[in-house]
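Remarks on the overall topology
Letter by letter, the chains look like this.
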Amino acid sequence: ISHALVDGFSLFHFLASWSRVFQGQRILNPSCERALAPEVVAQQSSVTPDDLLSRCGLFWAGKRQPVSRERFREEQLFVSKEEMNDLLSEAEQDCQVALYHNDVLTAYLWKRCVTQWEEGDGNPTTYMNCPVDFRRILRAVPRTYFGNALCFVTASTDYQTLAASSLGELALLIREAVSQVKQDYVSGSLQTLERLRRQRGLA
């Protein structure tokens, strides 16, 4: 199913409902409400790329430069439950904050992927973009919302720091970024995107 239509939660809601229909069970009706964005305050200033990054965790900087196919690589990783628990234990030794498996796995992939590139190639700042489901955060959104109930935050650090940082330090950067996603952040993100939509239209 196209991610332009729904997120992972909605996909699984659909599959679970389909299964229940075949079993003759009651389904939870999906909510297709689309008026999620707060009322846009009239502002003369246009949304800038900096606004989009700080308020929405997204990038908008013109057309991306083409990348040679030789630069791409494909790698499959299998991380067992035991290995995941070992990574979590390693990360928690370096910080006093409770971490989640997602924090640690994201940090692990961030460092592993980026440090395989040549140092100094491209932008010296590295970024990790994190999607967050806001169904449990924005009170106006029903838990059965069917669509994309995602907002984003972006953690960043320079290449040298990324290469030298421990797994726990990077996982903490991820946790701090994700912890920004509260009611006000989600509302501000939706409002900023709505302002951009009105300013730019289909462009």
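Since this is a predicted model, take the numbers as computed values, not measurements.

**Some thoughts on the overall build of the chain**
Helix and strand content of the chain: 7 helices and 2 strands. When the elements of the chain are put in sequence order from the N terminus, they spell out α-α-α-α-β-β-α-α-α. With the C-alpha coordinates aligned to their principal axes, the bounding extent of the chain is approximately 50 × 50 × 40 Å. Counting the 203 residues in the chain, one finds 31% classified as buried. The contacts in the chain between residues at least 6 apart in sequence include a share of 74% that link residues at least 24 apart. Roughly 14,000 Å² of accessible area belongs to the chain as shown, and the carbon and sulfur atoms make up 53% of that amount. In the chain, the 22 positive side-chain charges and the 24 negative ones have mean positions that sit 11 Å from each other.

**A look at the side chain of Ser10**
You can see Ser10 is positioned in helix H1 (residues 8-22). Within the structure, the side chain of Ser10 is placed 3.5 Å from the backbone oxygen of Tyr145, a separation counted as a polar contact. Other than its neighbours up to four places away in sequence, Ser10 contacts Arg135, Tyr145, Phe146 and Gly147.

**So, the side chain of Arg195**
Structurally, Arg195 is set in helix H7 (residues 183-200). No salt bridge is formed by the buried Arg195; the nearest opposite charge belongs to Asp51, separated by 5.1 Å. Engagement of the side chain of Arg195 in a polar contact is seen with the backbone oxygen of Ser45, the distance being 3.1 Å.

**Regarding the packing of aromatic side chains**
Counted according to the given criterion, the structure contains 3 aromatic pairs. Consider the rings of Trp18 and Phe22, whose centres lie 6.3 Å apart with planes at 50 degrees: the pair is tilted. Linking Trp18 with Phe22, this pair stays in helix H1, spanning 4 residues, or about one helical turn. Among the aromatic residues, those joined into a cluster by ring pairs are Phe14, Trp18 and Phe22.

**Considering a negative patch on the surface**
Together, Glu82, Glu83, Asp86, Glu90, Asp94 and Glu169 line one region of the surface with negative charge. It is helix H3 (residues 81-92) that provides the largest number of residues to the negative patch, a total of 4 residues. Mapping Glu169 onto the fold places it in helix H6 (residues 167-178).

**Topic: the nonpolar core**
Taken as a class, soluble globular proteins show a tendency for nonpolar side chains to be buried jointly. In this structure, Val104, Trp110 and Phe134 are the most contacted members of the largest nonpolar core, which totals 34 residues. Broken down by secondary-structure element, the contributors of at least two residues to this core are H3, helix H4 (101-114), strand E1 (125-133), strand E2 (150-158), helix H5 (159-164), H6 and H7. If we ignore the near neighbours within four places in the chain, the residues touching Phe134 are Leu36, Val141, Ala149, Leu150, Cys151, Val186 and Leu190.

**So, H7**
Helix length check: H7, at 18 residues, gives a terminal C-alpha distance of 26 Å against a target of 26 Å (1.5 Å per residue), a fit within 8%. Those residues of H7 that fall on the buried side of the exposure criterion are Tyr185, Val186, Ser189, Leu190, Gln191, Thr192, Glu194, Arg195 and Leu196. Contact partners of the buried residues in H7: helix H2 (49-56) and E2. Once H7 finishes, Gly201 follows within two positions and takes phi at roughly 60 degrees, a positive value.

**Comments concerning the environment of Leu196**
As for its position among the elements, Leu196 is in helix H7. A relative accessible area of 14% means that Leu196 is categorised as buried. Measuring from C-alpha to C-alpha, the distance between Leu196 and Leu52 comes to 8.9 Å, with 144 residues separating the pair along the chain. In this view, Leu196 contacts Val47, Leu52, Trp60 and Gly201; residues no more than four positions away in its chain are not counted.

Cut-offs applied
Residues numbered from 1 in each chain as written. Predicted model: local features only at pLDDT ≥ 70, side-chain atom pairs only at ≥ 80, totals over all residues. Heavy atoms only, no water. Helix = DSSP H or I, 4+ residues; strand = E, 2+ residues; numbered from the N terminus. Buried < 20%, exposed > 50% of the residue type's maximum accessible area, 1.4 Å probe, protein only. Contact = heavy atoms within 4.5 Å. Areas by Shrake-Rupley, 256 points an atom, 1.4 Å probe, with all protein chains shown as cover. Lys, Arg positive; Asp, Glu negative; His and termini not counted. Charge placed at Lys NZ, Arg CZ, Asp CG, Glu CD. Polar contact = N/O pair within 3.5 Å; in protein donor to acceptor, adjacent residues only side chain to side chain. Salt bridge = Lys/Arg side-chain N within 4 Å of Asp/Glu carboxyl O. Phe/Tyr/Trp six-rings, centres within 6.5 Å; stacked < 30°, edge-to-face > 60°. Patch = residues over 30% accessible without salt bridge, like charges linked within 9 Å, V, L, I, M, F, W, Y side chains within 5 Å. Core = buried A, V, L, I, M, F, W, Y, C linked by side-chain atoms within 4.5 Å. Expected span 1.5 Å × (residues − 1).

In short, geometric facts, not functional conclusions.
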